[in-house]
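Structure assessment
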Amino acid sequence: MPAQAGQLAGIGLLSVAWWLPARADPSMATLRGRVEMPGLADQAGAQIIVTHLDRGFSTRTVSREGGSYVLMALRPGRYSLKVLAPDGRSIEQALTLQVGQAMTLDLAVGAEAGTESASTASEIRNPELATYLTPEQMQRLPQINRNFLNYADLAPGVNVVTDQDGSTRLQSGGQRPDSVNLYIDGVSQKNYVVRGGVAGQDSSRGNVFPESAVAEYKVISQNYKAEFDQASGAVISVQTKSGGNQFHGETFYDHTNQDLRAATPSETLNGRYDNMQAQYGVTLSGPIARDVAHFFVAYERKQNDDFAGVRTADGGALPARYQSLLGEANRPFEADLFFAKLDWALDERNSLEASFKLRDETQILGIGGGNAEPNALDKGNAEKRLDFKYQYTAEHWVNEARFTYEDSHWRQQPAHLNAGQLLQRLDGSLSGGNLSSVTVLNGGGAGNFQDKGQRGPGLQDDLTFSGLNWHGSHVVKVGAKLKYIELNALERDPYNPQFSYNLNNPDGTPYRVTWAAPMAGLGDGNGATSTDVSQVGLYLQDDWELNRHLSLSLGARWDYEYNPGYLNFVTPTGVASALRDWSNIAGGRGGYNLEDYLSNGHNRRADADNIAPRLGFAYDFDGDQRHVVFGGYGRAYDRNIYDVLQLERTKGSYPSFSVAFQGDPNYDCGAAADCIAWDPAYLNYNGEQLSALTGATPASREINLMRNNLKTPFADQFSLGIRNRIGDWYTELAVSHVHSYDGLVGVLGGRNADGSFYRAGSDLGGTFQAVPGYGQLILFDNGVQTKTNSVYLKAEKPYVKESGWGASFAYTYTDSQENKPQSFVDNSSYLFEKPDTHSVGWLDTSGVRAHKIVTTASVDLPWDVVFAAKLTLATPETRYGINCTSGACRFDTYTPRGYDFIFPGEWWGYRQFDIALIKNFDTPRDTRFKLRLDVLNLFDFKNYGAFNSNFASSDFGAPTSILAGPPLTLKLTARLEF
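Residues numbered from 1 in each chain as written. Predicted model: local features only at pLDDT ≥ 70, side-chain atom pairs only at ≥ 80, totals over all residues. Heavy atoms only, no water.

Some points on the sheet that holds strand S13 (residues 181-184)
Backbone hydrogen bonds are what pair the strands of a sheet, in a parallel or an antiparallel way. Ordered by their spatial adjacency, five strands build an open sheet running S10-S15-S16-S13-S14, and the pairing between neighbours is mixed. What marks the edges here is a single partner per strand, and that holds for strand S10 (129-133) and strand S14 (187-188). As judged from the four bridges shared by S13 and strand S16 (residues 235-240), these two strands associate in the parallel manner. Each residue of the ladder has a partner; that of Asn 181, found in S16, is Val 235. (Pairing = 2+ DSSP bridges. Helix = DSSP H or I, 4+ residues; strand = E, 2+ residues; numbered from the N terminus.)

Structural data, given as structure tokens:
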């Protein structure tokens, strides 16, 4: 589509988006059912009024023929429900609604008033595989870093993976973390540029959102409705807190340090290091005008000091001039989170809401082991989001219009802008310029510089309509969304010139320097690019209750993305000519058609076939919401990550150069064409100056090409299960199948002279033949697939104050396969050991554990004490290594040995038992003081995150010192509520 046509289409779709009526955000709840008025022939005309107990807002409707009623777009929380019959009779009762809930509640006028609490408010008649995370669970269950997403693993099929540096990511359905999406108050937080699925969650120790501002949330593992987009894995829907008619606030401080934890395996070997984590914050909320307008404000701050030891990689000594690089160095982390919300009820039908989110975090990394402090990287996340929502509520329909603006950036750059020092040991004289060496210490400025992000506005308009009664009761939802987002990416490596030093050279001068500099003729020319992307989404959803037994969920959505950065790209003339003239791949000798990857700016089309049906059912056997069989099928489309798409424009536009220096008695570079005399002034030159001075040519200019007809990744999801309500307990047993398609992958395009890919005698390594005059050729296409079969078992007794306790149990069995090694673990988009994914076949998915159990409990004890516990058990995960034991090398899977827990046997690869104790103190003037102790990993189980993957090694499969979870750790918290 030409640019002008794309703009016209965008204007037209914008008009459609504002014209279409639509639905409130998916975090809102729906209440429906029937009113029975004994003695009246006509069951229509009863008024049903619900009033939010904290905010005072009321919503009402009137029962229709047969007594059916629907109340829509209800904020989760505690309500007072009143029914007024036409003859003057009435009933009143309390109920609690949860985030995104579709609750069925039948009412009988003349019956005694009752209470519908959280213990009876779970969705029973719903085809989704979903789990609610309640305020009580978030307030009671133990955790270490105030990341509310840590509770998501209470949902079967969802994994919360915590790396040793404290960064977290979510995974589900055997797919990459990219497939997950998070909605906060109905607004997607999708990351379109870098990894992690959620904006700001790529390799970050920070939190997405202040936990003190989260009211509750819902994890939908599978078969979500048509409202949800840009996800093929799990969807998380969050409802934030709002102000009420009473002023409330709280302030907290929690703390842990090296004296409150056990030693890690690395510290056992190398000595203890100091660290500290402090988190503190405050919330304030209350009325601006009672029952009319309210405010809510939350601020949280996190500070970490994390010291690491710096030592040579080979344990050897360093010359005196480098001794100051060794020792301890701090890797601090700081994060600020702020959220503010205003709501205003103009009248019973019209309401406004505005919210603002700010996230700002910085951290120092890249220090420790063989990396000294001057080699540190400065990494940060900065995010701002603004959301305005206008809602109109009529008797049988609700319309919501929303404007959003987002600005999210992830960056990583050298902490010190000076020359890098690669300290190496060379024994003997080598010539020819090809030097094999091992760096024992990185002692100067780091090389990697990245800055990637997204920003722009979004418009959304949605309607929920309940006025249709045809063979039952329908709640129809229709909506449209338009986003105009600028995506940008910058990657320059090495940003600081890297000087290599031979520690055996008594003169202390470098023998080689490598640098990078902008160069035209391949892509955008400076390692940076941006594009303005238009996204359109349309959906239709019908929640159809045919009778008291059978409910259907029928929906479909269509998504479209216009990305001119990909569509309008023109392959540079020199690159196209070099590839067409290369006899190794000419005429399809390499097994692919080169023309499928060469773009003239007009031969690419956006993928417009993304129609996603969402179908589900729930059958209530007795019509009393006690035994329900449910199931469904859904197709869900995700996005191609821009961090991969942009490689076509940026790779090779900031190429690396290298020259060798004369003067090292252990290294004679005289035979090399790039051998020049050493000058100390070179240490002060940047990459462009070095290029101009030396006249060097690039060592390599990598070529990345995208296929001209890229598709959008998607997954097909199937499930079948049964739910039961037995007393206060809810149970669920389900089986699921998820098959994902069209994941983006880059393979080597170079071939040997005879057109072959494989090296002689090897079935692992692909060819490394470079394009004449350039470098490696990497071709990207849709090819990655995963297949996952699962069994989910869940049981929950929600906490209510009357009983004083709650418990949950979640078991997941997973059998998962993939056709690209390690796509699940390292999130890599590359496959270099095979010519394509068809040559790989189906492999066990790495990083997936066959069996996982998560169970929790909390109980009110005497003296106003709360005790809570969480146990996580999982079998060892499948891992990959390079197996050369049979002569030819290949990727192969292995499973590390497990450990026992209570019963003997090597069952478990992950074991963690956490507890929390909370003591409440009544204090004057309506305040409440709490002291809390969290004990993480009470038994100090060593949950290892890395293993020796050398199949030929005598200790193959043995764990390294890297942990996949915390050691025994105590955290202390003080909180004042007022």
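What about the pairing of strand S30 (residues 510-516)?
Regular strands show a simple pattern: their side chains alternate between the two faces of the sheet. With six of seven residues buried, S30 lies mostly within the body of the structure. Here strand S29 (residues 498-502) runs beside S30; their pairing, made up of four bridges, is antiparallel. Counted as the bridge partner of Ser 500 is Arg 512 from S30. In the sheet, S30 pairs with strand S35 (residues 656-661) via five bridges, with the strands oriented antiparallel. Residue Ala 516 lies in a different strand from S35, and its bridge partner there is Ser 656. (Buried < 20%, exposed > 50% of the residue type's maximum accessible area, 1.4 Å probe, protein only.)

Re the nonpolar core
Ranked by size, the top nonpolar core spans 31 residues in total, and within it Phe 148, Leu 182, Phe 209, Tyr 217, Val 219, Ile 236 and Val 238 carry the most contacts. The set of elements that each furnish at least two residues to this core consists of strand S11 (158-162), S13, strand S15 (214-222), S16 and strand S19 (293-310). In terms of residue count, the dominant contributor to this core is S15 (three residues). Beyond its immediate sequence surroundings of up to four residues, Leu 182 is in contact with Phe 148, Val 187, Ser 188, Gln 189, Val 198, Val 208, Ile 236 and Val 238. Val 310, Ala 329, Leu 503 and Tyr 682 belong to the second-largest nonpolar core, a separate cluster that totals 25 residues. (Core = buried A, V, L, I, M, F, W, Y, C linked by side-chain atoms within 4.5 Å. Contact = heavy atoms within 4.5 Å.)

Observations concerning the environment of Tyr 253
Mapped onto the elements, Tyr 253 comes out in strand S17 (residues 248-257). Since its relative accessible area comes to 39%, Tyr 253 is described here as partly exposed. Separated by 43 residues in sequence, Tyr 253 and Pro 210 place their C-alpha atoms 14 Å apart. Those residues in contact with Tyr 253 that sit more than four places away from it in its chain are Ala 278, Gln 279, Tyr 280, Leu 972, Thr 973 and Ala 974. Side-chain polar atoms of Tyr 253 contact the side chain of His 255, separated by 3.4 Å. (Polar contact = N/O pair within 3.5 Å; in protein donor to acceptor, adjacent residues only side chain to side chain.)

A few points about the pattern of salt bridges
Throughout the structure, instances matching the rule amount to 62 salt bridges. The partner of Glu 267 in a salt bridge is Arg 261, and the shortest N-O contact between them spans 2.8 Å. The pair Glu 267 / Arg 261 is uniform in exposure class, with both members buried. Here Arg 557 ties to Asp 559 by a salt bridge, and the two come within 2.8 Å at their closest N and O atoms. Summarising the burial analysis for this pair, Arg 557 and Asp 559 share the class buried. One continuous salt-bridge network, built from bridges that share partners, spans Arg 75, Glu 353, Asp 387, Lys 389, Glu 400 and Arg 402. (Salt bridge = Lys/Arg side-chain N within 4 Å of Asp/Glu carboxyl O.)

With respect to the pairing of S16
Where burial is concerned, most of S16 is hidden: six out of the six residues are buried. Where burial is concerned, the two faces of S16 agree: the one with Val 235, Ser 237 and Gln 239 and the one with Ile 236, Val 238 and Thr 240 are both buried. Taken together, the six bridges between S15 and S16 define a ladder with antiparallel strand orientation. Residue pairing across strands places Glu 216 opposite Gln 239, the latter belonging to S16.

Some details on the environment of Glu 491
Its location among the elements puts Glu 491 in strand S28 (residues 473-492). Taking the C-alpha atoms as reference, Glu 491 lies 10.0 Å from Ser 653; in sequence the two are 162 residues apart. Once you skip the residues sitting within four places of it in the chain, Glu 491 turns out to touch Phe 449, Gln 450, Lys 452, Gly 527 and Gln 646. Within the structure, Glu 491 has its side chain in polar contact with the side chain of Lys 452 (distance 3.1 Å).

A few points about helix H5 (residues 573-580)
Turning to H5, its buried residues are Val 575, Ala 576, Ala 578 and Leu 579. Along the axis of H5, the buried residues cluster in a sector spanning 165°; they form a single face. In this fold, the buried residues of H5 make contact with strand S37 (703-706) and strand S40 (777-800). (Arc of directions from axis to C-beta.)

Quick notes on the confidence of the model for the protein chain
Model confidence for the protein chain is summarised by a mean pLDDT of 87, while 92% of its residues fall at 70 or above. In this model residues 113-122 is a low-confidence stretch, pLDDT under 50, and it forms 32 contacts with partners more than four residues away in sequence or in other chains. Note on residues 429-434: pLDDT under 50 across the span, and 14 contacts to partners over four residues away in sequence or across chains. (pLDDT = per-residue confidence, 0-100.)

Some remarks on helix H8 (residues 687-694)
All of the buried residues in H8 are Gly 687, Leu 690 and Ser 691. In a view along the axis of H8, the buried residues occupy a sector of 100°, so they form one face of it. In H8, the exposed positions that point more than 90 degrees away from the buried face belong to Glu 688 and Ala 692. Its buried side turned inward, H8 meets S30 and S35.

A short note on empty space enclosed by the protein
Here the largest cavity defines a volume of roughly 310 Å³. Put simply, the parts of the chain that give the lining of the largest cavity at least two residues each are strand S39 (729-748) and S40. Per element, the largest residue contribution to the lining of the largest cavity is five residues, and it comes from S39. (1 Å grid on protein atoms, 1.4 Å probe; cavity = no way out; pocket = protein on both sides within 12 Å on 5 of 7 lines; lining within 4 Å. Points joined across faces, edges and corners; volume = space filled by probe spheres on them.)

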